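Notes for the structure review
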Amino acid sequence: MSYLLNPQVIIDQIINGLTIGGIYALIALGYTLVYGILFMINFAHGEIFMFGSFGGFAALTYFVNSGFSDTHPGLSIVAAFLAAMVVSAILGALLERIAYRPLRNAPRLAPLISAIGASIFLQNVMMLIIKARMQVYPDIIQEEFLEFGWFSISYFQLFIISGSVLLMVGLYLFIQKTKTGKAMRAVAEDRDAASLMGIDVNRIILITFVIGSALAAAAGVMVGIYYTQIDHMMGFIPGIKAFTAAVLGGIGNVPGAMLGGYFLGLAEAFGVLFMPAEYKDVIAFGLLVLVLIFRPSGILGEVVSERA
Amino acid sequence: MNKGQGLLTVRDIHIYYGNIHAIKGISLVVRKGEIVTLIGSNGAGKTTVLNAVSGVLKTRQGSIDFEGTRINRLSPHSIVRMGISQVPEGRKIFSRLTVTENLEMGAFIRNDIKEIVKDMEGVFELFPRLRERRGQIAGTLSGGEQQMLATARALMARPQLLLLDEPSMGLAPLLVETIFDTIQRISEEGTTILLVEQNALMAFVIATRGYVIQTGRIALEDKIENLSKNEMVRDLYLGGDLD
Amino acid sequence: MTKKTQIIVLLAFFCLVLGPFSVHADEWGTITIPAGKPIKIGMGTMLTGDYASLGIDIKHGAEMAVLDHGSILGHSLVLQAEDDGCSGPPSVAIAEKLCNDPSVVGLVGYMCSGGSKPASDIHDKYKVVMVSPSSTALELTARGIPIFFRTCWNDRIQAERAAAFAIKRGWTSVVVLHDKSDYGQSLAEDFGKNIEKRGGKVLASEGLTRGDKDFSPVLTKIKPLRPKLIYFGGMAAEGVLVARQMKRVGLRKTHFMSDDGCYTEKDFIQAGGKASNGCYVTYAKEPDPVWVKRFEAKYGPRQTFSPQAYDAATILMRAVEKAAKKQPDGSLIIGKKALRDAIAATAYDGITGRIAFDAHGDRTGSVVKIYKVVDENGKRFFKQLEF
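Residues numbered from 1 in each chain as written. Chains lettered and ligands numbered in written order. Predicted model: local features only at pLDDT ≥ 70, side-chain atom pairs only at ≥ 80, totals over all residues. Heavy atoms only, no water.

**Overview of the overall build of chain B**
On a plain count of helices and strands, chain B comes out with 10 helices and 10 strands. For chain B, the C-alpha radius of gyration of 17 Å lies close to 18 Å, the compact-globule estimate for 243 residues. If one aligns the C-alpha atoms of chain B with their principal axes, the spans along those axes are about 45 × 45 × 40 Å. Considering chain B as a whole, with its 243 residues, one finds that 54% of them fall into the buried category. Here the analysis covers contacts within chain B between residues at least 6 apart in sequence; of these, 66% occur between residues at least 24 apart. A total of about 10700 Å² of accessible surface is found on chain B, and carbon and sulfur atoms cover 51% of it. Taking the average location of the 29 positive side-chain charges in chain B and that of its 28 negative ones, the two points are 7 Å from each other. (Helix = DSSP H or I, 4+ residues; strand = E, 2+ residues; numbered from the N terminus. Rg over C-alpha atoms; globule rule 2.2 N^0.38 Å. Buried < 20%, exposed > 50% of the residue type's maximum accessible area, 1.4 Å probe, protein only. Contact = heavy atoms within 4.5 Å. Areas by Shrake-Rupley, 256 points an atom, 1.4 Å probe, with all protein chains shown as cover. Lys, Arg positive; Asp, Glu negative; His and termini not counted. Charge placed at Lys NZ, Arg CZ, Asp CG, Glu CD.)

**Concerning the interface of chain B and chain A**
Each side of the interface is counted separately: chain B has 25 residues, and chain A has 21 residues. Approximately 2100 Å² of surface area, both sides summed, lies buried where chain B meets chain A, with 59% of it carried by carbon and sulfur atoms. When residues of chain B are sorted by the area they lose upon contact with chain A, F94(B), R96(B) and F108(B) head the list and together hold 30% of the total. On the surface where chain B and chain A come into contact, there are two salt bridges. The shortest N-O distance in the salt bridge between E104(B) and K182(A) comes to 2.5 Å. (Buried area = accessible area lost by both parts, 1.4 Å probe. Salt bridge = Lys/Arg side-chain N within 4 Å of Asp/Glu carboxyl O.)

**Focus on the interface of chain A and chain C**
Counting residues at the interface gives 37 residues for chain A, matched by 37 residues for chain C. When chain A packs against chain C, the two sides together hide about 3000 Å² of surface, and 47% of this comes from carbon and sulfur. Where chain A meets chain C, there are six salt bridges. One salt bridge in this structure joins R244(C) and D139(A), with 3.0 Å as the shortest N-O distance. At the junction of chain A with chain C, the criterion picks out 19 residue pairs in polar contact (both at pLDDT 80 or more). Within the residue set of the side of chain A that touches chain C, elements represented by two or more residues are α1 (7-38), β2 (145-148), β3 (151-154), α6 (155-177), α9 (201-227) and α11 (254-274) of chain A. The biggest single contributor to the side of chain A that touches chain C is α1(A), with six residues. (Polar contact = N/O pair within 3.5 Å; in protein donor to acceptor, adjacent residues only side chain to side chain.)

**Describing the domain arrangement of chain C**
Interfaces are often sized by the accessible area lost when the parts come together. Residue and element names in this part refer to chain C. Parsing chain C into structural domains produces domain 1 (30-153 + 288-355) and domain 2 (156-283 + 368-384). Between domain 1 and domain 2, the C-alpha centre-to-centre distance is 30 Å. Domain 1 puts 21 residues into the contact, and the matching count from domain 2 is 20 residues. Here domain 1 and domain 2 share an interface that buries about 1800 Å² over both sides, 54% of which is from carbon and sulfur atoms. Three residues, Y51, L138 and W153, lead the burial of domain 1 against domain 2; their summed loss comes to 35% of the area buried on that side. On inspection of domain 1 and its partner domain 2, the count reaches zero salt bridges. Here domain 1 and domain 2 share 12 residue pairs in polar contact (both at pLDDT 80 or more) between them. It is helix α4 (residues 113-126) that contributes the most residues to the side of domain 1 that touches domain 2, three residues altogether. Tallied by class, the residues present in the side of domain 1 that touches domain 2 amount to 10 nonpolar, seven polar and four charged. (Domains from an automatic or database assignment. Nonpolar A, V, L, I, M, F, W, Y, C, P; charged D, E, K, R; others polar.)

**Quick look at the sheet that holds strand β14 (residues 332-335) of chain C**
Residue and element names in this part refer to chain C. The three strands lie next to each other as β1-β14-β13, forming an open sheet whose pairing is antiparallel. Two strands lie at the open edges of the sheet, namely β1 (30-33) and β13 (324-326), each paired on one side alone. Within this sheet the neighbouring strands show an average axis-to-axis angle of 25 degrees, counted without direction. Alignment of β1 against β14, held across four bridges, turns out to be antiparallel. Across the sheet, the residue bridging to I33 is L332, located in β14. The sheet strands contacting helix α11 (residues 306-323) are β13 and β14, and the helix crosses β13 at an angle near 45 degrees. Most of the contacts of helix α12 (residues 336-344) go to β14, to which it runs at about 70 degrees, and overall it touches β1 and β14. (Pairing = 2+ DSSP bridges. Axes fitted to C-alpha atoms, helices over the stretch in contact; angles between N-to-C directions.)

**Observations regarding the environment of F274(A)**
Residues and elements named next belong to chain A. Looking at the secondary structure, you find F274 in helix α11. Residue class for F274 comes out partly exposed when judged on its relative accessible area of 43%. Distance from F274 to Y3, taken between C-alpha atoms, is 8.9 Å for residues 271 residues apart in sequence.

**Digging into the packing of helix α5 (residues 155-168) of chain C against helix α6 (residues 182-197) of chain C**
All names here are of chain C. Two elements in contact, α5 and α6, have axes whose closest approach is 8 Å; the angle formed by their N-to-C orientations is 45 degrees. One finds that α5 runs oblique with respect to α6. Crossing handedness for the pair α5 and α6: right-handed. Taking contact as the criterion, the partners of D155, R156, Q158, A159, E160, A162, A163, A166 and I167 in α5 are, on α6, Y183, L187, D190, F191, N194 and I195. Its residues placed into classes, the contact of α5 with α6 shows nine nonpolar, two polar and four charged. (Parallel < 35°, antiparallel > 145°, perpendicular 65-115°, else oblique. Left-handed = near helix turned anticlockwise from the far one by under 90°.)

**Observations regarding the pairing of β3(A)**
Covered by surrounding structure in β3(A) are F151(A) and I153(A) together with S152(A) and S154(A), the residues of both alternating faces. Between β2(A) and β3(A), which pair antiparallel in sequence order, lie two residues; one of them, G149(A), sits at a positive phi of approximately 75 degrees.

**Overview of the state of the cysteines**
Defined simply, a disulfide is a covalent bond joining two cysteines at their sulfur atoms. Residues and elements named next belong to chain C. Counted by the stated rule, this structure contains one disulfide over all chains. The disulfide bridge from C86 ends at C112, spanning 2.0 Å between sulfur atoms. Measuring the twist about the S-S bond at about -95 degrees, one finds the C86-C112 disulfide to be left-handed. With C86 in the loop between β4 (75-83) and α3 (88-99) and C112 in the loop between β5 (104-108) and α4, this residue pair connects regions lying 26 residues apart in the sequence. This pair shows no difference in class: C86 is buried, exactly as C112 is. There is no disulfide at C262, and the cysteine sulfur nearest it, in C279, is 8.5 Å away. (Disulfide = S-S within 2.5 Å.)

**Quick word on the pairing of β14(C)**
All names here are of chain C. Side chains L332 and I334 of β14 all project onto a buried face; the interleaved residues I333 and G335 project onto the opposite face, where all are buried too. Pairing between β13 and β14: three bridges, direction antiparallel. When the sheet's bridge partners are listed, A324 is paired in β14 with I334. Joining the antiparallel neighbours β13 and β14 is a turn of five residues, in which G330 adopts a positive phi near 90 degrees.

**Quick notes on the pattern of salt bridges**
Residues and elements named next belong to chain B. Going through the model one piece at a time under the given rule, you end up with 43 salt bridges over all chains. R209 is the partner of E34 in a salt bridge, and the nearest nitrogen-oxygen pair spans 2.6 Å. Residue E34 is found in the loop between β2 (20-30) and β3 (35-39), and its partner R209 is found in strand β9 (residues 209-214); the two are separated by 175 residues along the sequence. The class of E34 is buried, set by a relative accessible area of 11%. Among the salt bridges present, the one from E121 reaches R131, with a minimum N-O distance of 2.9 Å. Taken as a pair, E121 in helix α4 (residues 113-126) and R131 in helix α5 (residues 128-132) lie far apart in primary sequence, 10 residues in all. Each of R110, D112, E115, K118, D119 and R158 takes part in one network of salt bridges that share partners.

Below you can see the structure in the form of structure tokens.
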């Protein structure tokens with residue numbers, strides 16, 4: 001189509017796709033990290049993302065009311081990210097401790113049902129807190145644009161794209177280089193063997209939940225700043241899309257979740273060029289169905305086989 | 001008997017898998033510096049005993065003491081910290097981690113980085129093949145190399161007691177000999193060893209004492225020279241291997 | 001004669017003979033409010049969810065009217081507000097519930113056209129009147145439903161005025177977006193038709209999903225068309241994101257225009273921040289400033305339809321007053337048809353102007369004004385334009 005001959009459209013859609021893709025990827029990592037270790041889908045992960053967004057919202061609102069954000073806008077944003085990550089990390093840890101750990105050796109359906117229950121519970125808790133009304137992120141920093149002649153990029157987009165990449169590189173280094181990260185990989189591969197190394201498996205699982213939740217919280221604050229509107233149902237669709245991204249990349253595979261997130265973001269941005277915008281969600285879920293049918297192990301997922 | 005208290009003392013333990021009474025009151029002692037072997041046929045309960053010592057399985061009755069401390073209520077990771085490492089059956093190396101990372105996991109409980117590096121040099125000396133393959137993903141190693149890695153990994157914890165579960169399984173005869181030579185060297189360097197083996201012939205070459213386990217009970221216990229003279233042991237566990 | 005026809009004839013005879021003797025005849029039946037019991041005014045509006053600030057504003061408007069009115073013939077008044085979710089299924093459920101409540105005389109609502117449309121069928125079945133302060137879709141008054149009235153305008157007028165304004169400004173190439181709702185889609189499509197009727201051109205038309213937050217891909221798709229105007233039919237939650245993201249994808253010379261759904265201080269101007277500057281919306285002429293002052297002192301800044309809700313409730317209560325017959329035992333009997341006719345005959349100066357209804361239930365002579373978001377003296381607000 002003529003759109004693909006227009007470099008301006010292509011560059012703009014790449015920027016759009018990378019922005020939302022980075023957000024999907026950050027959330028997808030939480031699904032994949034937990035699945036990698038426990039072989040369960042934490043369906044309450046979208047709500048952890050939502051709580052993170054509200055954690056950041058509460059912090060920013062506080063800074064606006066106290067006037068702190070007028071003098072230190074940058075610091076306020078950083079503090080809001082930290083607050084959000086702490087809120088979500090605590091929530092993720094509680095969720096693991098209360099909803100999943102008691103069911104660790106139960107049939108696989110049990111933790112799944114527990115997760116769905118936790119998800120509905122958390123939605124309702126937030127609904128009571130905000131009285132089911134949409135909240136609007138305070139405008140602390142005005143959105144400006146970097147102009148490059150025939151295309152431009154917003155500072156917000158630049159911030160989200162680079163911020164998500166930074167967090168993902170950080171996570172990758174953590175998993176590859178630190179002792180705890182290596183232990184996470186060891187536990188993911190063989191829980192019993194890991195415990196024979198003196199690794200406290202429960203502690204590693206808890207850390208995994210904490211890390212995944214903190215990443216989702218960062219995505220939550222980014223969504224708040226970028227789209228401004230947040231509510232108690234905001235975790236649902238991004239949660240399912242991020243899950244799709246994780247499956248696309250190969251669930252349980254960390255680079256796969258990152259790749260899947262960007263792939264999905266770009267697919268949505270470019271898909272809109274070829275079909276009416278109202279079918280945007282169809283792209284994500286259509287991809288999910290196709291991957292599940294033709295390559296259930298995902299793009300980077302290895303074909304499941306017994307260890308040699 | 002002799003030399004008083006053992007390093008590891010197992011007293012009358014009972015273990016169940018669901019309703020199946022797998023271990024029906026086993027007692028055994030491993031003293032400092034010994035190589036003790038536990039032989040028996042498939043399904044007799046050898047691995048079950050090792051897993052009980054490691055804390056992976058819970059005992060329903062009886063006690064396990066290590067250096068005078070009761071350990072059969074502790075979690076596996078705390079037992080490792082007390083100085084017991086296991087080389088599990090089937091190796092169970094981390095196949096997606098590199099050889100070096102596997103060894104680092106073996107040293108997980110330790111924080112003395114300089115000493116860890118030194119110990120890694122030590123195990124590379126013990127298993128030169130591993131040094132060549134240090135950067136390689138462990139899943140790509142051959143079966144014998146994986147067994148070396150599993151043993152080396154357990155040594156990285158600097159255990160006082162090393163539990164070895166079927167180190168010869170699935171290996172070519174030449175490799176089996178190398179592995180057993182190394183076990184002997186490890187023992188000579190001061191590590192106490194409890195060895196579970198189906199290949200009793202090999203085990204008897206290096207062990208000082210042995211227990212014969214049959215359907216969840218100890219059938220015989222003696223010094224190796226006496227065991228190898230025993231009619232029943234010869235028939236059941238050594239006979240087939242003489243071909 | 002068969003037995004069946006005999007019974008029918010007999011029944012017909014009784015009806016003919018005894019009918020005129022029934023004391024409170026009303027062809028649609030009657031509502032009886034027992035002595036000492038309150039009269040309930042029903043209400044359907046969004047109380048939770050993305051457009052709740054709009055819905056709560058409507059509730060406040062009606063609540064204030066009820067408090068101002070006090071009582072009717074010695075009966076106290078109660079406003080029973082239910083959450084209609086701005087959509088069909090909950091609105092229908094509320095209709096079934098309230099139409100079967102013997103002390104409900106009528107209803108103010110529903111908030112959204114998508115709710116009013118299916119609910120009005122239920123109201124028609126039970127002949128319980130409804131006066132919507134905010135459902136503007138064309139078809140609502142085109143379906144021959146006698147119990148439906150509204151104090152807002154018909155979108156036909158809104159689309160016409162908006163298109164006329166756009167053409168006058170020279171915005172002849174437009175892109176039309178809508179939220180796929182009964183309200184947004186019909187309004188946007190009607191706007192498009194009006195633009196073409198006046199010689200303009202609709203370059204593209206796209207539907208968006210309510211609740212979605214990311215419209216940059218579709219706006220990027222629109223960008224190479226270089227429209228002079230993007231018109232959005234829908235609510236503020238999505239509208240403000242379109243306005244914001246237009247700037248983001250570089251549609252900075254393109255104007256943004258929307259409807260009454262975006263005429264809200266909180267969800268459009270506050271939520272949009274700087275990006276809301278220069279956006280156009282359509283809405284009725286400003287309500288009575290004295291009333292606004294009184295309202296804002298009580299409930300804080302008004303949003304959109306509280307004045308229309310105030311008038312809707314007032315009209316309903318005045319009609320009840322006219323149609324109700326006080327009985328010796330202190331109870332009230334209200335004929336349903338009489339109540340409907342009383343509303344149809346309304347001639348009343350409300351806070352939103354003179355109110356009278358045409359044969360379809362639409363307001364006669366309703367006007368729609370064009371507003372622009374301006375930033376003056378450090379305050380951002382909707383400024384009414386001369387047009």
